[in-house]
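Okay, here's what each chain looks like letter by letter:
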Amino acid sequence: MSQTRHRKMRTKNSHPTLLALHGGAGVIQLDSMSAADRARRVAGLREALSCGWRCLQKGDTALEAVLQTVAVLEDDPAFNAGRGSVLTSAGDVEMEAAVMNGSDARFAALSGLRRLRNPVLALRRQLERQQVYRCGREVEQELVSLGEPAEEADWFRTPERVQQLELARMRQQQILDHSGAFGTVGAVARDCMGELAAATSTGGMTNKAPGRIGDTPLIGAGTWASVRIAVSATGTGEAFMRAVFAHTVEEAVRLAEYSLEQACDTALERVRELGGSGGCVAVSEKGELCLPFNSSGMYRAWVDSAGDFHIGIGCGEEQAGSARLL
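What you are looking at is a predicted structure, and each value in this text was computed from that prediction instead of being measured.

Asks: Any chance you could break down the pattern of salt bridges for me, citing the residues and the numbers?
Replies: Using the criterion set out here, one finds 21 salt bridges in the structure. The partner of Asp37 in a salt bridge is Arg40, and the shortest N-O contact between them spans 3.1 Å. Of this pair, Asp37 and Arg40 both sit in helix H2 (residues 35-57), three residues apart, which is roughly one turn of the helix. For the salt bridge of Glu64 with Arg124, the shortest nitrogen-to-oxygen distance reads 2.7 Å. Here the residue Glu64 occupies a position in helix H3 (residues 62-75), and Arg124 occupies one in helix H4 (residues 119-129), the gap between them amounting to 60 residues. What emerges from the salt-bridge pattern is a single network uniting Asp37, Arg40, Arg41 and Glu160.

Asks: I'd like to hear about the side chain of Ser226, residue by residue, with values.
Replies: Along the chain, Ser226 falls in the loop between strand S7 (223-225) and strand S8 (229-235). Among the polar contacts listed, one links the side chain of Ser226 to the side chain of Glu250, at a separation of 2.7 Å. The contact partners of Ser226, leaving out residues within four places of it in the chain, are Gly102, Leu196 and Glu250.

Asks: Describe in detail H2, supporting the description with residues and values.
Replies: Helix length check: H2, at 23 residues, gives a terminal C-alpha distance of 32 Å against a target of 33 Å (1.5 Å per residue), a fit within 8%. After H2 finishes, the residue Gly59 shows a positive phi value of roughly 95°.

Asks: Can you break down a nonpolar patch on the surface residue by residue, with the values?
Replies: Where nonpolar side chains cluster on the molecular surface, the patch consists of Val132, Tyr133 and Ile213 and spans about 240 Å² of accessible area. With respect to the element layout, Ile213 can be found in the loop between strand S6 (196-205) and S7. You can call Ile213 partly exposed: its relative accessible area is 33%.

Asks: Describe the packing of aromatic side chains, with residues and values.
Replies: Counted according to the given criterion, the structure contains three aromatic pairs. On the numbers, 5.1 Å between centres and 85° between planes, the contact of Trp155 with Phe156 is edge-to-face. For the pair Trp155 and Phe156, a shared accessibility class is recorded, and that class is buried. Directly above the aromatic system of Trp155 lies the positively charged group of Arg83, at a separation of 4.4 Å from the ring centroid.

Asks: How would you explain the sheet that holds S8 if you had to name every residue and give the values?
Replies: Read from one edge of the open sheet, four strands run S7-S8-S9-S10, paired in antiparallel fashion. In the strand order of this sheet, the two ends are held by S7 and strand S10 (289-290), each with one partner. Pairing geometry for S7 and S8, over three bridges, is antiparallel. In the sheet register, Trp224 faces S8, and the bridge partner there is Val231.

Asks: Before we move on, could you go through the environment of Trp53 and cite the residues and values that matter?
Replies: Within the fold, Trp53 resides in helix H2. Trp53 sits in the buried class, given a relative accessible area of 3%. With 136 residues separating them along the chain, Trp53 and Ala189 place their C-alpha atoms 9.2 Å apart.

Asks: Can you explain unusual backbone geometry? Please cite residues and give values.
Replies: The phi dihedral of Ala105 is positive, around 60°, even though this residue is not glycine. Along the polypeptide, Ala105 turns up in the loop between strand S2 (95-101) and strand S3 (106-113). Judged by its relative accessible area of 49%, Ala105 falls in the partly exposed class. The backbone of Gln130 sits at a positive phi, close to 60°, despite the residue not being glycine. Here Gln130 lies in the loop between H4 and strand S4 (133-135).

About the criteria used
Residues numbered from 1 in each chain as written. Predicted model: local features only at pLDDT ≥ 70, side-chain atom pairs only at ≥ 80, totals over all residues. Heavy atoms only, no water. Salt bridge = Lys/Arg side-chain N within 4 Å of Asp/Glu carboxyl O. Helix = DSSP H or I, 4+ residues; strand = E, 2+ residues; numbered from the N terminus. Polar contact = N/O pair within 3.5 Å; in protein donor to acceptor, adjacent residues only side chain to side chain. Contact = heavy atoms within 4.5 Å. Expected span 1.5 Å × (residues − 1). Patch = residues over 30% accessible without salt bridge, like charges linked within 9 Å, V, L, I, M, F, W, Y side chains within 5 Å. Areas by Shrake-Rupley, 256 points an atom, 1.4 Å probe, with all protein chains shown as cover. Buried < 20%, exposed > 50% of the residue type's maximum accessible area, 1.4 Å probe, protein only. Phe/Tyr/Trp six-rings, centres within 6.5 Å; stacked < 30°, edge-to-face > 60°. Lys NZ or Arg CZ within 6 Å of the ring centre and 35° of its normal. Pairing = 2+ DSSP bridges.

Shape is all these values report; function is a separate question.
Below you can see the structure in the form of structure tokens.
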């Protein structure tokens with residue numbers, strides 16, 4: 001079946017397409033952020049949003065849209081994923097990523113990656129092979145041998161990330177601040193057939209212990225999609241894991257019949273009770289779109305059903321416009 005024919009079939013029962021993404025949550029201090037730094041991050045969010053929206057506009061699946069959206073953020077050193085991944089206490093990157101397709105519950109995750117340029121795109125091979133979760137150097141070597149693009153270690157060690165690691169070592173802590181030293185990138189989408197998907201990617205936390213795994217690659221913690229909702233989370237990974245955050249949102253919608261907003265707020269409250277903070281992007285089959293957070297800020301962007309774009313960083317602060325992202 002040709003790609004053109006496939007798209008025509010997909011648009012026959014058209015639903016309003018929706019897309020939302022996040023670029024990390026934490027203690028974001030807008031007053032101390034330079035205009036150049038702010039502009040750089042807004043541009044990165046806009047580019048990722050535009051990429052994912054183009055996918056949806058031409059009839060691609062929600063799954064393809066979230067993969068492409070997150071890949072753009074992985075290529076941007078301003079965000080903590082892919083090229084911009086933070087460094088472990090050993091001075092290396094250890095990346096992780098996950099994707100889930102709502103209609104058939106296919107899930108794939110990778111962790112412990114040190115050289116893959118786009119961890120989120122490598123997940124396609126696992127979905128094709130029906131492999132759920134893989135980790136380690138041998139897996140990465142296999143993926144590279146199959147053609148996944150890889151880079152040398154120094155490509156990931158950007159001056160900004162090296163400086164952040166040195167600061168964290170001096171403070172003997174893991175950094176949580178506006179610089180992106182802590183965070184995750186992710187996206188959720190609803191396509192023209194009403195199907196949902198979520199994808200998430202991260203470098204973890206600056207100065208984290210080698211081998212530490214966060215909530216991103218754990219199904220139902222940082223990443224989840226079903227026929228009802230799709231969720232991608234960012235924040236204090238340990239608390240999101242203990243709260244089983246993303247699946248808690250699902251259960252609140254399914255069992256308690258909460259709205260998506262109520263379900264997200266309830267799950268975030270549990271994260272707070274467990275000593276964590278952060279946020280998420282979420283979309284429902286009904287067309288609800290939520291981007292809540294309980295930290296001081298979250299890099300976020302979304303396109304609504306009218307095709308209007310929105311970009312936000314701090315609380316109650318966003319840039320909006322009526323221009324279509326084509």
